[in-house]
Amino acid sequence: MPDTIRLLSTLALKGAVANLAGLYEASSDVRIDADFAPTLALLDRIRRGEGADILILTQEGLAELVREGRVAAESCVDLARSYVGIAVKAGAIHPDITSEAALRATLLAARSVAYSRIGASGIFFAQLIERLGIAAEINARATIIPSGFTAERLITDEADLAVQQISELKQVAGIEVVGAIPRELQTPAVFSAGRMIGSEKAGQADRLLRYLASAKVAPMLRESGLEP
């Protein structure tokens, strides 16, 4: 029976962790028990007392837990950079999002745009449409979900466009990623990992952290839509 490492991760790393978990267990005899949720939801769970061995959160979220004495600062490693993108249902026309003006027109033309309420991408998008001066029009017909994968709302025809981290969009079958929102309009999210101070498996957790930050994992990060 392999030892188990409990890992709590932001949704953006779900695809990559799913791909590497089996490989890591085969080479180390350590099983990864992973649970995924938006960073803000995970922060709330941890502050309510939930434990884990390793956390993967936004860089800012992990830094908060370091300051609170919940995560060992010396264990923290940056894993990947992620950009927010837009997806459509498979087979739909790919709209123009290559410039600020084109993105603005595309968003306004959509029947509904799906985005998340508490995810990093949803917070970014809410701020973006405010900056673009179209928040009232978009939100009047937006499909705002509390958490989870926004692209699922494309499959159910609740929305024409889904906005989320590209790595999260790619978790949903039956959709197509149009591309990233113009990079001049966004700052990439950086996702980092660290060991919880209360972990009883510090040695195994630190070995897994080194693996997550290694060159072996980089191809899996790229395949899932992240930049190592």
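Model, not experiment: these values are computed from the prediction.

What counts as what
Residues numbered from 1 in each chain as written. Predicted model: local features only at pLDDT ≥ 70, side-chain atom pairs only at ≥ 80, totals over all residues. Heavy atoms only, no water. Pairing = 2+ DSSP bridges. Helix = DSSP H or I, 4+ residues; strand = E, 2+ residues; numbered from the N terminus. Axes fitted to C-alpha atoms, helices over the stretch in contact; angles between N-to-C directions. Contact = heavy atoms within 4.5 Å. Parallel < 35°, antiparallel > 145°, perpendicular 65-115°, else oblique. Left-handed = near helix turned anticlockwise from the far one by under 90°. Nonpolar A, V, L, I, M, F, W, Y, C, P; charged D, E, K, R; others polar. Buried < 20%, exposed > 50% of the residue type's maximum accessible area, 1.4 Å probe, protein only. Arc of directions from axis to C-beta. Core = buried A, V, L, I, M, F, W, Y, C linked by side-chain atoms within 4.5 Å. Salt bridge = Lys/Arg side-chain N within 4 Å of Asp/Glu carboxyl O.

I would appreciate a short explanation of the sheet that holds strand 5 (residues 84-89) in the present structure.
Pairing between the strands of a sheet comes from backbone hydrogen bonds, and it takes one of two forms, parallel or antiparallel. One open sheet accounts for five strands, arranged 7-6-8-5-9; its pairing is mixed. With one partner strand each, in any of the chains shown, strand 7 (143-145) and strand 9 (175-180) form the two edges of the open sheet. With strand direction ignored, the average angle separating the axes of adjacent strands in the sheet is 30 degrees. By the bridge criterion, two bridges tie strand 6 (residues 113-116) to strand 8 (residues 161-165) in an arrangement that is parallel. Within strand 8, the position partnered with Val113 by the bridge is Leu161. Against the sheet, helix 5 (residues 120-131) touches strand 5, strand 6 and strand 8, its axis set at about 125 degrees to strand 6.

What is the right way to read the packing of helix 2 (residues 39-47) against helix 3 (residues 59-67) from this model?
Geometrically, a packed helix pair is captured by the angle between its two axes and the distance between the axes. Where helix 2 contacts helix 3, the axes come no closer than 10 Å and their chain directions differ by 15 degrees. Regarding the angle of helix 2 to helix 3, the classification is roughly parallel. Once helix 2 is placed against helix 3, the crossing between them reads as right-handed. Contacts from Thr39, Leu43, Ile46 and Arg47 in helix 2 reach Gly61, Glu64 and Leu65 in helix 3. Of the residues in the contact of helix 2 with helix 3, the class split is three nonpolar, two polar and two charged.

Would you mind showing me how to read the environment of Leu43 here?
Within the secondary structure layout, Leu43 lies in helix 2. Sequence separation between Leu43 and Leu65 is 22 residues; the distance between their C-alpha atoms is 8.1 Å. Once residues within four sequence positions are removed from consideration, Leu43 is found in contact with Leu57, Gly61, Glu64 and Leu65.

Explain helix 3 to me, please; I cannot follow it from the model alone.
Structurally, the α-helix is built with 3.6 residues per turn, so residues lying three or four positions apart point the same way. Three or more residues of helix 3 are buried, namely Gly61, Leu62 and Leu65. Viewed along the axis of helix 3, the buried residues span an arc of 95 degrees, placing them on a single side of the element. Opposite the packed face of helix 3, turned more than 90 degrees from it, sit the exposed residues Glu60 and Arg67. Against the buried residues of helix 3 lie helix 2, strand 3 (54-58) and strand 10 (189-195). Positive backbone phi, approximately 80 degrees, marks Gly69, located one or two places after helix 3.

Just to check I follow, could you spell out the nonpolar core for this structure?
Note that soluble globular proteins tend to have their nonpolar side chains buried in a common cluster. Within the largest apolar cluster, 39 residues are counted, with the highest numbers of intra-cluster contacts made by Leu13, Ile54, Ile56 and Leu208. Listed by contribution, the elements that provide at least two residues to this core are strand 1 (3-9), helix 1 (14-28), strand 2 (30-36), strand 3, strand 4 (77-82), strand 10, helix 9 (202-212) and helix 10 (218-223).

Just checking my understanding: could you explain the pattern of salt bridges for this structure?
Where charged atoms of side chains with opposite charge meet at close range, the side chains can pair. For the coordinates displayed, the defined rule picks out 16 salt bridges. In this structure, the salt-bridge partner of Glu50 is Arg6, at a minimum N-O distance of 3.5 Å. With a gap of 44 residues between them, Glu50 in the loop between helix 2 and strand 3 and Arg6 in strand 1 connect regions that are remote in the sequence. Judged by relative accessible area, Arg6 falls into the partly exposed class, the value being 23%. Taking the shortest distance from any N to any O, the salt bridge between Arg70 and Glu68 comes out at 2.8 Å. The network of salt bridges with shared partners includes Arg6, Asp33, Asp35, Arg45 and Glu50.

Before we go on, may I ask you to explain unusual backbone geometry in this structure?
Trans peptide bonds make up the majority, and among non-glycine residues the majority have a negative phi. The backbone phi angle of Asp29 is positive, close to 60 degrees, even though this residue is not glycine. With a phi close to 60 degrees, Asp157 is a non-glycine residue in the positive phi region. Relative to the assigned elements, Asp157 resides in the loop between helix 7 (152-155) and strand 8.

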